[in-house]
Every structure is written in C-alpha cells, then in structure tokens.
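Chain residues, written in single-letter form:
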Amino acid sequence: MAVKVYIVYYSMYGHIETLAKEIKKGAESVEGVEASLYQVPETLPEEVLGKMGAPQKSEVPHISPADLPNADGFLFGFPTRYGMMAAQFKAFLDATGGLWRTQSLAGKPAGIFISTGSQGGGQETTALTAITQLTHHGMIFVPIGYTFGAGMFEINEVKGGSPYGAGTLAGDGTRQPTKLELEQAFYQGKYTAEITKKLKQ
C-alpha cells in the first residue's frame, strides 16, 4: 500500500508553487511513496488579486480539511506575512476544528516550506509560528536540520531556506527560486517522505 504524502500550499505569485512541485519530485523519488499537490482556497476576491498583480491560479486541485486524514504525512507551504503564515493558509487551518476535536491528524509527520520577500523577512520566524498549528493537532514536526549538507552553509549567494525547511526569497516578485533553493526543496520532499514511510511501517 502506497505511503501518501500531501503537499498542501498557498501561493500568490507562484514561488511557493514552484517549490511545491520540486518537493513533490523529491517525495516521489522514494520507493512506495505517492505524493499529491493541493492548493488551499483563495480568500481574496479576483478584483483585489488583480490590483496586486497576482497571476491566475494553476490547475492544481483545492483541498478541504476533510481530505487531510487520508494522508500519511504532509508538507505545508506558504508565503510569510509579518513573520507568520499567509492568512489564506491560516484560514484553511482554522477550518480544521473538527479534526482537532478528534485528533485525526495526531502522530502524522509534517514539514514546512516558505517564501519571504527578503532575507530578514521571516525565514525562520514563519516556521516557528506555524509549528503551533501542528502542535495543537498532535502532529510531528519534521525539520530538515542540517542534513541537506553543504548547501546549508552556502554564504556566497543569496538563498532562502533554513534548518526548519526549504525556502525561497521572492524579492519584488520577479526573483524566482534558484538552483540551490530548488535542490533543497527536492531534498526536503525526499527526506520527509522517507520519515513518513518509516513511521507508517
């Protein structure tokens, strides 16, 4: 029976979605793992998104809280808003009260990946504040630590990511994830999938 890893994310300008796709590749590189991409619903009206210059959402399907217990493990991705997850993702988690009451997600592993506008924009703070959501559900937070190796110690190029998980820097929105950031995302998908598989066994 396949180990199911859900990669659930919110992406306004596409940076998180790019990381999510790479994470999916990494998760699927683990034998016996089936990875699926899902978006959380948008909460802003089209008119507002248009004024913000946000592109149209992709065809990746939406997920509802009721779908979450079907997964064995998760990777949650979102951009930061003042050191915390974007309101769209928070709204999705706020709707998981029924799962919290039954502790339906307890014991399931979950990793976090993020996007910030700048190096000091919350690469670690956003992950830290998101862990509270996992804690109340009894989930097991899976950081990558420094297991990614040399890429974690790179200081000659600007890069996102931290021991908490993969990340990218969006800048003014035109900067896209770099080769190193994508490699870290792939690694996180693989690493989290391996742990999920071990826990299921």
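Quantities reported herein were computed from a predicted structural model and do not represent experimental measurements.

Considerations on the overall build of the chain
Along the backbone of the chain there are 6 helices and 7 strands. If you list the helices and strands of the chain from N to C, you get β-α-β-α-β-β-α-α-β-α-β-β-α. Its C-alpha atoms give the chain a radius of gyration of 16 Å, within 12% of the compact-globule value 17 Å for 201 residues. Considered along the principal axes of its C-alpha atoms, the chain spans approximately 45 × 40 × 30 Å. When the 201 residues of the chain are sorted by exposure, 48% land in the buried category. Long-range contacts, defined as pairs at least 24 residues apart, comprise 74% of the intrachain contacts of the chain with a sequence gap of at least 6.

Remarks on the pairing of strand S3 (residues 73-81)
Each regular strand carries side chains that alternate between the two faces of the sheet. Of all 9 residues that make up S3, 8 are buried, and the element is covered over most of its length. Examined bridge by bridge, strand S1 (residues 3-9) and S3 share 5 bridges and lie parallel to one another. What sits directly across from Tyr 6, in S3, is Phe 74. Pairing of S3 with strand S4 (residues 84-85), which is carried by 2 bridges, proceeds in the antiparallel orientation. The partner of Arg 81 across the bridge, within S4, is Met 84.

A closer look at the UniProt feature "domain: Flavodoxin-like" (unreviewed entry) in the chain
Those places that UniProt annotates as "domain: Flavodoxin-like" (unreviewed entry) correspond, in this numbering, to residues 5-192. Between the end C-alpha atoms of residues 5-192 the distance is 9 Å, and the span holds 32% helix and 19% strand.

Some words on the packing of helix H1 (residues 15-28) against helix H6 (residues 179-200)
Contact geometry of H1 with H6 gives a least axis separation of 7 Å together with a crossing angle of 45°. On the basis of their axis angle, the class for H1 and H6 is oblique. Our pair here, H1 against H6, has a crossing hand that is right-handed. On H6, the residues touching Thr 18, Leu 19, Glu 22, Ile 23, Lys 25, Gly 26 and Ala 27 of H1 are Glu 181, Leu 182, Ala 185, Phe 186, Gln 188, Gly 189, Lys 190 and Ala 193. For the contact of H1 with H6, the class distribution of residues is 7 nonpolar, 4 polar and 4 charged.

Cut-offs applied
- Residues numbered from 1 in each chain as written.
- Predicted model: local features only at pLDDT ≥ 70, side-chain atom pairs only at ≥ 80, totals over all residues.
- Heavy atoms only, no water.
- Helix = DSSP H or I, 4+ residues; strand = E, 2+ residues; numbered from the N terminus.
- Rg over C-alpha atoms; globule rule 2.2 N^0.38 Å.
- Buried < 20%, exposed > 50% of the residue type's maximum accessible area, 1.4 Å probe, protein only.
- Contact = heavy atoms within 4.5 Å.
- Pairing = 2+ DSSP bridges.
- UniProt positions renumbered as here; feature names shortened; annotations may be inferred.
- Axes fitted to C-alpha atoms, helices over the stretch in contact; angles between N-to-C directions.
- Parallel < 35°, antiparallel > 145°, perpendicular 65-115°, else oblique.
- Left-handed = near helix turned anticlockwise from the far one by under 90°.
- Nonpolar A, V, L, I, M, F, W, Y, C, P; charged D, E, K, R; others polar.

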